[in-house]
Each structure stands twice: as structure tokens, then as C-alpha cells.
Protein chains: 2
Amino acid sequence: MASSESSPSARPRVLILGGGFAGVGAAQKLADAHAEVILIDRHDYHTFQPLLYQLASGLLETTAVGHSLRDLVGHQDNTTVHQATVTGVDVDAREVRFDDLAPIAYDYLVLALGAEVDFFGTEGAADHAFPMYTLPHAVRLKDHLVERWEAADRDPALLEDGGLNIVVVGGGPTGVETAGAMTELYRSEFAKDYPDIPQEQARVTLVEAGPELFSMFEPKLRHYATKALTDRDVDVLAGERVASVSPTRVTLGSGAVLNAHTLIWGAGLQGSPVGRSIGLAPERGNRIAVGSDLTLPGHPEVFVLGDIAAIADAKTQQVLPQLGSVALQSGEHAGDTISRMIAGRRTKPFAYRDKGTMAAIGRGAACVQMLGGRTMTGKKAQFAWITVHLALLPTNQDRAKAIVDWAGAAVTHQRSGRISVRVD
Amino acid sequence: MASSESSPSARPRVLILGGGFAGVGAAQKLADAHAEVILIDRHDYHTFQPLLYQLASGLLETTAVGHSLRDLVGHQDNTTVHQATVTGVDVDAREVRFDDLAPIAYDYLVLALGAEVDFFGTEGAADHAFPMYTLPHAVRLKDHLVERWEAADRDPALLEDGGLNIVVVGGGPTGVETAGAMTELYRSEFAKDYPDIPQEQARVTLVEAGPELFSMFEPKLRHYATKALTDRDVDVLAGERVASVSPTRVTLGSGAVLNAHTLIWGAGLQGSPVGRSIGLAPERGNRIAVGSDLTLPGHPEVFVLGDIAAIADAKTQQVLPQLGSVALQSGEHAGDTISRMIAGRRTKPFAYRDKGTMAAIGRGAACVQMLGGRTMTGKKAQFAWITVHLALLPTNQDRAKAIVDWAGAAVTHQRSGRISVRVD
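For clarity, every value in this text was computed on a predicted model and none was experimentally measured. (Residues numbered from 1 in each chain as written. Chains lettered and ligands numbered in written order. Predicted model: local features only at pLDDT ≥ 70, side-chain atom pairs only at ≥ 80, totals over all residues. Heavy atoms only, no water.)

## Focus: the overall build of chain A
Move 1: Regarding its fold elements, chain A presents 13 helices and 26 strands.
Move 2: For a compact globule of 424 residues, the expected C-alpha radius of gyration is about 22 Å, and chain A comes in at 22 Å, within 12% of that figure.
Move 3: For chain A, the spread of C-alpha atoms along the three principal axes comes to 70 × 50 × 40 Å.
Move 4: The buried share of chain A, taken over its 424 residues, is 57%.
Move 5: In chain A, the share of contacts with a sequence separation of at least 24, taken over all contacts with a separation of at least 6, comes to 64%. (Helix = DSSP H or I, 4+ residues; strand = E, 2+ residues; numbered from the N terminus. Rg over C-alpha atoms; globule rule 2.2 N^0.38 Å. Buried < 20%, exposed > 50% of the residue type's maximum accessible area, 1.4 Å probe, protein only. Contact = heavy atoms within 4.5 Å.)

Structure representation (C-alpha cells):
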């Protein structure tokens, strides 16, 4: 049980808000600290976001992507976990308020509340687009797709209206991986499931505003990604943006109208609005600027991390992107720094280590760009992708089940997760 | 695509309503028949009901219990699957109407629409009890339990009010397996997850109206089940019934009031009301009486199967219980009979083969009663239970993942499925 009563022990209290990569990374680095660690999230689970698109395409299960926070950090001796929603932070009084949990005072605060999807003001997107940032987003998209196919199976007129067409917005890793997963779901699984529906009329289109997909990759990989998607029957529209969205139509900046009942938004994030609501002044994209030690200016006890933070790269001074690896490294750095502060040891500024980028496109198709510019594509890159993602999964049980699902899909082309279970 | 237009081939059309054990059993037996088989269910999945309680207790995942009907039967050459809800059956015109699918004419009809929970008029039960018959029921119960524990973690007063207490109604296999699974969830997993909550104040109570649990088992097994549950800290109340239910209180027939925010109803079923709504006259428990060939009197082309049917045992003439094994065997018999009719071969009356009964109670505790009265208990019975249930699962992928989950739970006492993911 949490409480606002003063801590009975002399241990300083570290309050972590948010159980994503940043919050969990910080908590895990504090496991051996002489501290009372409290982690709060509005859900009881951590979301392994790099695999959300595989949940949306029915390849993995909900529990492959959502992991109990009590498993991840709650079993540490010095750590407790509570499920609650933050309603206010008073950095002067050093206290946080929640919806139905008593206020908690802190000695150190870790603010890692993540982001929300940024539709960049695109007309209709907030109401009709399917974003891909949270676990419910992925489940909702999967259910919607299964229901569209079942509806088209009952009424072929839906197909003519673009009922099965998908437009994916954003040529970054989220958009490319999602488009690749969707075309694989359509062409391997749904082709068998719905033999009477002509596959060629169910289109997956990837729209990217910039001149090419994968702007963060080497040119060789950009071309590879475009070719791999095109070979898999994805229509790639670069240099084009989405102007507006309705439930059944997508209007492009050029004025062209695509018939599509599903628009997946893989384009952008902004910091959680909680930052603003708790009186912090966010910068561009609603992110909160921090110093090189990841703390709020004037508050060396307040660390702001992950997607909600605007962290400048130590070398280039450019703001780091909202990636899981940035979140995890900033979380681990903050946890380590707080441990050092409590132990009276010297601290170090944060320096992000870019370990490279990777993206899976489909069966036998992936890209890896390592630090220094080395690249891999094809089956070798897919193997690297699988190895890295298995290593990142939290438990052996998770790994074993992911192997069963990935191997099952490779061998039988079967995705057991593609059913739609609506709980009222 | 389904249609009411006349079948272009000369093959007779077999229309199967319901994708449970009976409907799927019938469809699978028709795989090689010279027939056009159409299976319709209101969901896109088949529910493996014997494992629902393991989904509710966070041990298995949704997709371990819900299996795509298109995988199970849709990939048969002569079979198509549609997701739709039956709105009317005209047995004289030989046509079925649906909510948003064109009417379908049939040559043979298999009516296997299952059951609904029967609360026997218990006051408040329809509004406040958690039944355990469908996949959404199990998910809803799991989410509710996790949310109760998270709420009690925030506010200990909930514990005093019985917020974590569970009352399970019904001393048959569903009730006993559910009570066993719940106490295991509480005492192994939640004890670790919520170390500040005193476990002994979170009670699981099993209420059975008859004098003993497991009336269908040998006396030896009845005593074993009661002792196994009691040893696992379940309060067993035999000879007691539930009179009324509110969201936080359960009133017994004796007038005693139990504080409990969760009442799980494992007590009884009645045939789907669809039978009545489509003009068939159901018998006791809303079930439709059939002849020894499982057909509707006067309609040798209409088979009524599974939980919606009142099937008399060939030997005792007693109505068979609403069990998965009865549903599966009746479905297979009907599929086989229709195949024979189409091929002009002789048909046989249905004879249910009771292969015995089994129930899992907890780690190392299960009961098996084989035909002829031989019994097994303890680890040996648990092993038999696991073997039989693995064999019943539809695919190797399902088996592999169930083994991972069961072994994971046995070794680490960890249930990855216990998170609550609400999709709005």
C-alpha cells in the first residue's frame, strides 16, 4: 500500500511515474540501491512496443507484448508497484497526486510518462485513424481488420468500396514494419481464410511525406525496403501526405482520394500532455527539455526520461528521437545516477549509444544498419532481428512462446492470434 | 461468399449453425463428403471450454482457448465459414435467416447453437454474477479480479469489505476446477505480486447445494476433491445454496451473508433461447428433444446437437448432461450420418460412449474416473489430465504454447496472462 505518511525508514524514496522502457529501466537499475522505490503506471503492464505490429497482425498474443509490471520490477526487494493515474506533480513540495491513490512525497522523481500520437492536425485522423502506440491500439486494429474481412465475406460490395484496403502513414520503422506485416497477413493468412475474396483487390498502401522510405537508413537500405515492400504487393507512395481521413476514404495532399476503411497512423508522437497539465513548460512536440544529466533545470532531483523528454545528443546537440532504445538507456542512466547520488558517488552525464537500427519487413526480409554504417538485408538481417528481439523479451517463457509463434507462422503460415474477441 | 441463390453444383448443402464442439465435430466428419458444407457462428472462433477457467486465472492466453474456425474447418475443400447471427429458421421451407447475411437454403441442417447460463432465477445473479461459459466471460472475470487486487493495493479498506473474496457456485467440474484455479492464483501468484496484502483475508468459498461436491464421481473422489480444495485454503460449503447476489454481498439460503465482490457461477446451463425464437418447442432447461438419430421429430434432415439438444442416453433413456464430450460425439455422429445419407449408406442410432470424467484441482491434484469405476488421484491424475487435454488441443502450435505456459507456471509460479488489457 502506498501512503503519503513519511517514510519510516531513513532510505530516500524514489518515485517513478510510468512503466515503459524508461521507467522500468530506471527501476531495474535501482534494484540494489539503498532506496524505497515506487513505480506507478496507469496500467498493470509494461508494453513491449517494438512488437505491437505483430500483435496487430495476429502473429503474437497480447501477453507477448504486455508484461506484468509486478513481474518486471515489483518483485525487487526495495520496489513496490501501484496502478494509478497521475493528476498533479508539485516539484516544489516534492509530492505527486493521483486519481484514487493518496498523494506520495518523494526524494527523487523519475518522470517517464511517455507520449501520445501526434496527428499533426490532420483532419479526421483523431476520430478515424488507427494509431499504433499502445497495446489497446494494436488489439483494436486487429479486431477491426478481422471484422472487415468477415463483413466482406458476407457482403462482397464492401470490397468494391475499399473495405479491405489499408493506408499506412509514415515511412519510418513503425510504418514500414506495419505495412510489411499487413501485406503478409493478407497474402498468406487471409488468402487461405477467405478463398472467395480476390486478394488483388485488397490493397496495402504506404504513404510517406518525404522523398523516400526509411530516411534514417543508408540509401542502400532505403531502396531495399521499398523493393521488399513492392515485391510483397504494397503500393509505396513517397512524397505524398495524407490531408484528411473519413471512415471509408483517405484524401491525399495531391487531391487524390483512396478508398480505404483502415488508416494506420505510424507517423509521429508528441510528449504526454501530462507534462503541461502538471505545470511543466514543454517544448516542441510537447516534450520537456532536460539537461545533460536528464534532470529538470533547477531540480537535480527530478529526472525526465524517454518519449516525454527532449534529450539533446551529447555530441551533436540534436534532440534524440522518440525510440525505445533512447527511453531504455535514459532510464538506466537515471536509475544508475540516483543510485550513485544516494551512495554519495560521482555521477556522469548521459551519452546515448546508438547501437544501430533494424526493421523487419516480412518473411526473409529485414534491414539492419549497424553503427559505422555496416548494413545487412534479407534472411541474415531477419535472423539478427529475431536474435535481438528474443534477447529483449523479459522472460524465458516469453521467448519460448514467441519462438513457437514465429516458427508456427513460418512453417504453417498460421496466425492463431487473428481471432477477434470483444469483451463488453 | 454465402448466398441464397441455388447451389450451382448438384452436391447437397449441409448448413451447420454453431461452431462449438458439436458443430465443428459435424463439419470435420463431413470433410470428405460429396456435400457443400457451410458453418456459421456469431464469432470467428471456436471456444475450447474445458480450459476457460485457466484463461480466467491468467494461466493461459485468449488464443489457447479461442481457435479460428477458419483454421479448424474453413480450410476443408468442401467447407466455407461465415460469421453471422441466426435470426430465424424455417424448417418447412428449409431456409435460415441471419442478421446481415442473405438467407441460406439447406438440404441438411445441423442446429448446434449451444447454451446460455441458467441462474435458476437467483436474485441479482444475472446482473452481478460472473458466469463461465464463453471466452468473453473468462476474460471479463480475469480483468475484474486483477482490478480488484490493484484496487485493494491502493485502498486496504477494500479487503475488510471482502473485496478480494470469491464465492464459486456449483460443486461440479466447472465449480471445482475454477475454485482450485482461483486459490492457486491467489496463494502462489498474487501472494508474490501483492506482498502487503494479507492473503488469509482473501477467501475463496465453494458453495454446492447438494450434500457433497462432485456428485457424478465415486465417493472416494468426492472426498479427495473436498480435501484437496480444503488443503488449498478453499472454504467448502456443501448443502448450501445462494439466495441472492449484490455487487459486494452474497446471501445464502440459510440467511448467512458472505462479503464477496466476486461471485462465479459454475452451476447450470439452459439451451440457447434461439431454439424457442425460431419456433421450436424446447423442453426442460430450454433444450430441444431429439430422436435416437439426433434429428427433430418429423424432420430427418434436421439434426439438433450438443448443449441445445436433449439427447436421451441409448441405454438408460436419461437425458445426457451438457458436456463437451456429449457435444463432440453428437456432432461427429451427425456428420457421419449425413455423409452416409448422402452416399446412400445405412445409418446408425447415436450411442454416447462415456470415456470417464476428469477434473484438475491444482498443482499435483486432479481426479480421474474411468469407465468401469477405476479412479486416479494426485500427480498421476494430473498427468492424465494434461495428456488428454494436450491431445484435444487443435494444433501443435497450441500444444507447444500450452506446455510452455503450464511448465512455466509449475517452475516459476508465474502467470503471464494475469494482466488486464481493456480495449475501449
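## Focus on the domain arrangement of chain A
All names here are of chain A.
Move 1: Its domain assignment divides chain A into domain 1 (13-117 + 269-342) and domain 2 (119-267).
Move 2: Contacts between domain 1 and domain 2 engage 18 residues on the former and 19 residues on the latter.
Move 3: For the pair domain 1 and domain 2, the two sides together bury roughly 1,600 Å², of which 70% comes from carbon and sulfur.
Move 4: Interface area lost by domain 1 to domain 2 is led by Tyr53, Ala56 and Val117, which between them contribute 40%.
Move 5: On inspection of domain 1 and its partner domain 2, the count reaches zero salt bridges.
Move 6: There are three residue pairs in polar contact (both at pLDDT 80 or more) connecting domain 1 and domain 2. (Domains from an automatic or database assignment. Buried area = accessible area lost by both parts, 1.4 Å probe. Salt bridge = Lys/Arg side-chain N within 4 Å of Asp/Glu carboxyl O. Polar contact = N/O pair within 3.5 Å; in protein donor to acceptor, adjacent residues only side chain to side chain.)

## Things to note about the pairing of strand S22 (residues 299-304) of chain A
Residues and elements named next belong to chain A.
Move 1: The buried fraction of S22 is high, at five of six residues.
Move 2: Relative to S22, strand S9 (residues 108-111) runs parallel, the two sharing three bridges. Paired with Val110 across the bridge in S22 is Phe303.
Move 3: As judged from the two bridges shared by strand S21 (residues 295-296) and S22, these two strands associate in the antiparallel manner. Pairing of Leu296 across the sheet is with His299, part of S22.
Move 4: Following S21, the chain reverses through two residues before pairing antiparallel with S22; Gly298 in that reversal takes a positive phi of roughly 85°. (Pairing = 2+ DSSP bridges.)

## Overview of the UniProt feature "domain: FAD/NAD(P)-binding" (unreviewed entry) in chain A
Move 1: Those residues carrying the UniProt feature "domain: FAD/NAD(P)-binding" (unreviewed entry) are residues 13-331 of chain A in this numbering.
Move 2: Split by type, residues 13-331 of chain A is 31% helix and 27% strand. Its first and last C-alpha atoms lie 17 Å apart. (UniProt positions renumbered as here; feature names shortened; annotations may be inferred.)

## Examining the relation of the copies chain A and chain B
Move 1: Laying chain A over chain B is done by rotating through 180° and shifting 0.0 Å along the axis; what remains is an RMSD of 0.0 Å. On the angle and the small slide along the axis, the relation comes out as a two-fold axis. Ranked by how close their C-alpha atoms come to the rotation axis, the residues of chain A are headed by Lys401(A), at 2.9 Å.
Move 2: Here 100% of the interface residues in chain A have copies in chain B that are interface residues too; the copies meet face to matching face. (Least-squares fit on C-alpha atoms with pLDDT ≥ 70 in both.)

## What about the interface of chain A and chain B?
How big an interface is tends to be reported as the loss of accessible area on association of its parts.
Move 1: Residue-level contacts link 52 residues of chain A with 52 residues of chain B.
Move 2: Between chain A and chain B, a total of about 4,700 Å² is buried, with carbon and sulfur atoms accounting for 50% of that surface.
Move 3: At the boundary of chain A and chain B, one finds twelve salt bridges.
Move 4: A salt bridge links Asp71(B) to Arg418(A), with the shortest nitrogen-to-oxygen separation between them at 2.8 Å.
Move 5: For the side of chain A that touches chain B, the secondary structure elements donating two or more residues are helix H3 (62-65), strand S4 (66-68), helix H4 (69-74), strand S5 (79-83), helix H6 (135-154), helix H8 (173-193) and helix H13 (396-412) of chain A.
Move 6: Residue contributions to the side of chain A that touches chain B peak at eight residues, all from H6(A).
Move 7: Per-class residue counts for the side of chain A that touches chain B are 17 nonpolar, 17 polar and 18 charged. (Nonpolar A, V, L, I, M, F, W, Y, C, P; charged D, E, K, R; others polar.)

## Section: the nonpolar core
Move 1: Counting residues in hydrophobic clusters, the biggest one holds 121 residues, and the most contacted among them are Leu15(B), Leu17(B), Phe98(B) and Tyr186(B).
Move 2: Among the elements that make up this core, the one with the highest residue count is helix H6 (residues 135-154) of chain B (nine residues).
Move 3: Residue-level mapping places this core at the junction of two domains, with at least three residues from each of domain 1 (13-117 + 269-342) and domain 2 (119-267) of chain B.
Move 4: Ignoring anything within four residues of it in the chain, the contact list for Phe98(B) reads Leu15(B), Leu17(B), Ile40(B), Ala84(B), Thr85(B), Val86(B), Thr87(B) and Ile104(B).
Move 5: Grouped together as the second largest cluster of nonpolar side chains are 116 residues, Val110(A), Leu141(A), Tyr352(A) and Ala409(A) included. (Core = buried A, V, L, I, M, F, W, Y, C linked by side-chain atoms within 4.5 Å.)

## Structural notes on the sheet that holds strand S6 (residues 86-90) of chain A
Across a sheet, paired strands are connected by hydrogen bonds in the backbone, their directions being either parallel or antiparallel.
Residue and element names in this part refer to chain A.
Move 1: Across the sheet, which stays open at both edges, the three strands sit in the order S6-S7-S8 with antiparallel pairing between neighbours. For this open sheet the edge positions go to S6 and strand S8 (104-105), each flanked by a neighbour on one side alone.
Move 2: One ladder, built from four bridges, connects S6 with strand S7 (residues 95-98); its direction is antiparallel. Note that in S7 the partner of Asp90 across the bridge is Glu95.

## Some thoughts on the environment of Glu208(A)
All names here are of chain A.
Move 1: Mapped onto the elements of the fold, Glu208 is located in strand S13 (residues 204-208).
Move 2: By relative accessible area, Glu208 is classed as buried at 15%.
Move 3: A sequence separation of 25 residues divides Glu208 from Asp233, and the C-alpha atoms of the two residues are 17 Å apart.
Move 4: Not counting residues up to four positions away in its chain, the partners in contact with Glu208 are Gly170, Gly171, Gly172, Leu213, Leu237, Ala238, Gly239 and Glu240.

## Description of the packing of aromatic side chains
Move 1: Under the criterion given, the structure shown has 18 aromatic pairs over all chains.
Move 2: Ring geometry for Trp149(A) against Tyr186(A): centres 4.8 Å apart, planes inclined by 80°, an arrangement best described as edge-to-face. With Trp149(A) in helix H6 and Tyr186(A) in helix H8, this pair connects stretches of sequence that are 37 residues apart. When sorted by exposure, Trp149(A) lands in the same class as Tyr186(A), which is buried.
Move 3: Taking 5.8 Å as the distance between ring centres and 65° as the angle between the ring planes, the aromatic pair formed by Phe21(B) and Phe48(B) counts as edge-to-face. In this pair, Phe21(B) is assigned in helix H1 (residues 21-29) and Phe48(B) in the loop between strand S3 (45-47) and helix H2 (52-56), connecting sequence segments 27 residues apart. Residues Phe21(B) and Phe48(B) agree in their burial class; the two are buried. (Phe/Tyr/Trp six-rings, centres within 6.5 Å; stacked < 30°, edge-to-face > 60°.)

## Brief notes about helix H1 (residues 21-29) of chain A
Residues and elements named next belong to chain A.
Move 1: Burial analysis of H1 places seven of its nine residues in the buried class, which makes it a mostly covered element.
Move 2: Residues Phe21, Ala22, Gly23, Val24, Gly25, Ala26 and Ala27 constitute the buried set of H1.
Move 3: Against the buried residues of H1 lie strand S1 (13-17), strand S2 (36-41), strand S3 (45-47), H4, S9 and helix H11 (324-342).

## Description of the sheet that holds strand S8 (residues 104-105) of chain B
Move 1: Taken in spatial order, the three strands line up as S6-S7-S8 (chain B) in an open sheet, and their pairing is antiparallel. Both edges of this open sheet fall to strand S6 (86-90) and S8 of chain B, since each of them pairs with a single strand only.

## Here's the deal with the side chain of Gln83(A)
Move 1: In this structure, Gln83(A) sits in strand S5.
Move 2: Among the polar contacts listed, one links the side chain of Gln83(A) to the backbone oxygen of Arg42(A), at a separation of 3.1 Å.
Move 3: Apart from residues no more than four positions distant in its own chain, Gln83(A) is found in contact with Asp41(A), Arg42(A), His43(A), Asp44(A), Glu150(B) and Arg154(B).

## Some words on the pattern of salt bridges
Move 1: Applying the stated criterion across every chain, the model contains 42 salt bridges over all chains.
Move 2: Across the salt bridge formed by Arg94(A) and Glu301(A), the nearest N and O atoms sit 3.4 Å from each other. Here Glu301(A) lies in strand S22 and Arg94(A) lies in the loop between S6 and S7, a separation of 207 residues in the sequence.
Move 3: Within this structure, Asp71(A), Glu189(B), Asp193(B) and Arg418(B) form a network of salt bridges that share partners.

## Some points on the packing of H1(B) against helix H11 (residues 324-342) of chain B
All names here are of chain B.
Move 1: Relative orientation of the contacting elements H1 and H11 amounts to 30°, with a least axis distance of 7 Å. When the axes of H1 and H11 are compared, the pair comes out roughly parallel. Read as a crossing pair, H1 and H11 show a hand that is right-handed. The segment H1 lies against H11, with Phe21, Ala22, Gly25, Ala26 and Lys29 engaging Gly324, Ala327, Leu328, Ser330, Gly331, Glu332, Gly335, Asp336 and Ser339.
Move 2: Among the residues making up the contact of H1 with H11, the classes are represented as five nonpolar, six polar and three charged. (Axes fitted to C-alpha atoms, helices over the stretch in contact; angles between N-to-C directions. Parallel < 35°, antiparallel > 145°, perpendicular 65-115°, else oblique. Left-handed = near helix turned anticlockwise from the far one by under 90°.)

## Considering unusual backbone geometry
Residues and elements named next belong to chain B.
Move 1: Of note, Phe120 is a non-glycine position whose phi angle comes to about 50°, a positive value.
Move 2: With respect to the helices and strands, the residue Phe120 is situated in the loop between strand S10 (115-117) and helix H5 (125-128).
Move 3: For Asn286, which is not a glycine, the phi torsion comes out positive at approximately 65°.
Move 4: Inspection of the secondary structure assignment puts Asn286 in the loop between helix H10 (274-277) and strand S20 (288-289).

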